[in-house]
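# Geometric and topological summary
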Amino acid sequence: MQFLYQIVWTNVLALIFFTSSYYKFDMKRHMGTNSLYPIFTDKQPELNSPRNCKLEKLFLIARHGTRYPEDDDIDKFDVLEKVFHDVPGRKKHKWENKFTLSQDALLYFRGQKEHYLLGKRSFKKYQKFWKKVIPYDPYIIEFRSTKTSRTGMSGNSYSVGLFDGHGILGRGDTQPIYIYTTSLSKDYELAIHRSCPLWKDTVNDNNKILGKQVSQFTSTNLTEITNRISKKYKVKNLQPIHADYIYKACAFDIIFFNEHNSWCKLLRKKDILTLEYFNDMKNYYRFSYGNDLNKRLACKLITKLVNSVEKYMNGTSPVKAELFFTHSETLSFLYTILGLYKDSKPLIANVTLDEVSDRKYKSSEICPFAANAYFEIYNCANCASNENLFEKKEKSILVQIIINEVPVIIPGCDEKYCEWSKFKELMGDNIGCDFKEICKTEKY
């Protein structure tokens, strides 16, 4: 029997070795913030709440779904088309710009479906919770988006999945919803990168540290990529930064056309991993731990969460669910204020791929299209009897964060279900922050 077990186990190990040795690199999972959301189904098991606890409130912050390229990327594709105009095989490989400025950042069909399915999965997972708040009441369930079409449509798509069959309109009994928006320049919670003048002036622009890292990385790693492409395909006037343009064109080729033999054909596996890191490095300095200002910028969003939860628990607000639809920048600021995905060393240009292959801050995984963060708020009854009423109430509330539908432990908490009082302690003076004061400049 033992001999048979050894044979079986040897065969299992051989199978593991074989599959790992012949693992097919899936480039669409390495396209940074232009990566597709990995879950595309409505299948979802029901929630198992912690013992003696009841899910009382849901808070969702989600990135919009898959979209068309933005205008600056479309301009870059125009540049590539000109550079490749006289390259042999241009027509065969469709080395051309496939997008127009009229499509700038519009939500793509897949993006609608991503949020529709996310809504369907939400209803299945939290069905006990949702069934208590249906039919839809805008004073009980608040939808909000930034003032852009792609986030508003993402919120609508989510609602169609969430309330599928629970409305009265059309064949599918669709439920219309109200989505609240505010001016981008004054949206301090969801359009942070558009509403903070100091960030615009010192982080997005005039960022000497970022500029140095980008310059160093471009002159070495990107130059190596473009030199190889130029030599192999006889491309003239291909600049190092064009490697990043090709990487982005490749991402949208995959999304829209499932095309791997156009712009993607120019890149090797190592090139894609290099360019993935290049974009992570830029995002690290613009939206995360690479600048101290970034560590505070989601403070209004955290304040909104805390105040909303406490108002509900105190009986002064009826709102049970708040569903926000925003952008990758906001999610990155949120991860940063929570202390998530922080690497032990900063992301810098002078590293090898092996040194950063296991980094935590990887946009392809934490911030693809339709990325999402749920805050599950539980009320639990098992408090010690010798505590005062306030302490009982504080300790009876637990929060769990779900990132892209996977539970994570909040840094500083002992387990995935974190005591509300501990969560507030970790957030410290970010709660109740003066966003305008933090973001003011001499000009504003």
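Residues numbered from 1 in each chain as written. Predicted model: local features only at pLDDT ≥ 70, side-chain atom pairs only at ≥ 80, totals over all residues. Heavy atoms only, no water.

The name recorded for the protein in an unreviewed UniProt entry is Multiple inositol polyphosphate phosphatase 1, from Rhizophagus irregularis. According to UniProt, the comment filed for the protein under the heading Subcellular location (unreviewed entry) is "Cell membrane". (UniProt positions renumbered as here; feature names shortened; annotations may be inferred.)

## As for the state of the cysteines
Inspection of the entire model under this criterion finds 5 disulfides. The disulfide bridge from cysteine 196 ends at cysteine 439, spanning 2.1 Å between sulfur atoms. On the sign convention where negative means left-handed, the S-S torsion of about -105° between cysteine 196 and cysteine 439 marks this disulfide as left-handed. Within this pair, whereas cysteine 196 is found in the loop between helix H7 (192-195) and helix H8 (197-204), its partner cysteine 439 is found in helix H18 (residues 435-439), the two being separated by 243 residues in sequence. The exposure class of cysteine 196 is buried, given its relative accessible area of 0%. Put simply, cysteine 413 and cysteine 418 are joined by a disulfide, and their sulfur atoms are 2.0 Å apart. Between cysteine 413 and cysteine 418 the sulfur-sulfur dihedral comes to about -60°; the bridge is accordingly left-handed. Note on accessibility: cysteine 413 and cysteine 418 belong to one class, buried. Along the protein, the cysteines engaged in disulfide bonds are linked according to the scheme 1-6, 2-10, 3-4, 5-9, 7-8 when indexed in sequence order. (Disulfide = S-S within 2.5 Å. Helix = DSSP H or I, 4+ residues; strand = E, 2+ residues; numbered from the N terminus. Buried < 20%, exposed > 50% of the residue type's maximum accessible area, 1.4 Å probe, protein only.)

## Thoughts on the packing of aromatic side chains
For the coordinates displayed, the defined rule picks out 35 aromatic pairs. The interplanar angle of 80° and the centroid separation of 5.2 Å between the aromatic rings of tyrosine 335 and tyrosine 341 together place this pair among those described as edge-to-face. Taken together, the aromatic side chains of Tyr68, Phe77, Phe99, Tyr108, Phe109, Phe252, Phe256 and Phe257 make up a single cluster linked through ring pairs. For arginine 110, the ring lying beneath its charged end belongs to phenylalanine 40, and the centroid distance is 4.1 Å. It is arginine 144 that lies over the ring of phenylalanine 324; its NZ or CZ is 5.4 Å from the centre. (Phe/Tyr/Trp six-rings, centres within 6.5 Å; stacked < 30°, edge-to-face > 60°. Lys NZ or Arg CZ within 6 Å of the ring centre and 35° of its normal.)

## A look at the packing of helix H12 (residues 299-313) against helix H13 (residues 328-338)
Relative orientation and spacing of two packed helices are given, respectively, by the angle between their axes and the distance between those axes. Look at H12 against H13: their axes get within 9 Å of each other, and the N-to-C directions meet at 75°. On the basis of their axis angle, the class for H12 and H13 is roughly perpendicular. Contacts from Cys299, Leu301 and Ile302 of H12 reach H13 at Thr330, Leu334, Ile337 and Leu338. Among the residues forming the contact of H12 with H13, the class breakdown is 6 nonpolar, 1 polar and no charged. (Axes fitted to C-alpha atoms, helices over the stretch in contact; angles between N-to-C directions. Parallel < 35°, antiparallel > 145°, perpendicular 65-115°, else oblique. Contact = heavy atoms within 4.5 Å. Nonpolar A, V, L, I, M, F, W, Y, C, P; charged D, E, K, R; others polar.)

## Side note on empty space enclosed by the protein
If you walk through the whole model with that rule in mind, you get 1 cavity of 30 Å³ or more. Taken as a whole, the largest cavity encloses approximately 30 Å³ of empty space. Phe77, Glu96, Asn97, Lys98, Phe99, Ala249, Asp253 and Trp263 together form the lining of the largest cavity. The class makeup of the residues in the lining of the largest cavity is 4 nonpolar, 1 polar and 3 charged. (1 Å grid on protein atoms, 1.4 Å probe; cavity = no way out; pocket = protein on both sides within 12 Å on 5 of 7 lines; lining within 4 Å. Points joined across faces, edges and corners; volume = space filled by probe spheres on them.)

## Description of H13
In an α-helix, one turn spans 3.6 residues; hence positions three or four apart end up facing the same way. H13 sits mainly inside the fold: 11 of its 11 residues count as buried. Buried residues of H13: Ser328, Glu329, Thr330, Leu331, Ser332, Phe333, Leu334, Tyr335, Thr336, Ile337 and Leu338, and no others. Once H13 finishes, glycine 339 follows within two positions and takes phi at roughly 85°, a positive value.

## Section: the pairing of strand E6 (residues 397-403)
For E6, the tally of buried residues reaches 7 of 7 residues, placing the bulk of the element in the interior. Here E6 shows no split at all, with Ile397, Val399, Ile401 and Ile403 on one side and Leu398, Gln400 and Ile402 on the other all buried. Bridge count between strand E5 (residues 372-380) and E6: 7 bridges; the pairing is antiparallel. Among the inter-strand pairings, phenylalanine 375 is bridged to a residue of E6, identified as isoleucine 401. Here E6 runs beside strand E8 (residues 418-419); their pairing, made up of 2 bridges, is antiparallel. Bridge pairing links leucine 398 to glutamate 419 in E8. Taken together, the 3 bridges between E6 and strand E7 (residues 406-408) define a ladder with antiparallel strand orientation. Within E7, the position partnered with isoleucine 401 by the bridge is valine 408. The antiparallel pairing of E6 with E7 creates a hairpin that spans 2 residues between the two strands, and asparagine 404 there sits at a positive phi of about 50°. (Pairing = 2+ DSSP bridges.)

## Some points on the packing of helix H4 (residues 109-125) against helix H6 (residues 149-162)
Two numbers describe how H4 lies on H6: the axes approach to 6 Å, and their chain directions differ by 40°. Taken as axis vectors, H4 and H6 run oblique relative to one another. Crossing of H4 against H6: the hand is right-handed. Residues Gln112, His115, Tyr116, Leu118, Gly119, Lys120, Ser122 and Phe123 of H4 form the contact with H6, whose participating residues are Met153, Ser154, Ser157, Tyr158, Val160, Gly161 and Leu162. Per-class residue counts for the contact of H4 with H6 are 7 nonpolar, 7 polar and 1 charged. (Left-handed = near helix turned anticlockwise from the far one by under 90°.)

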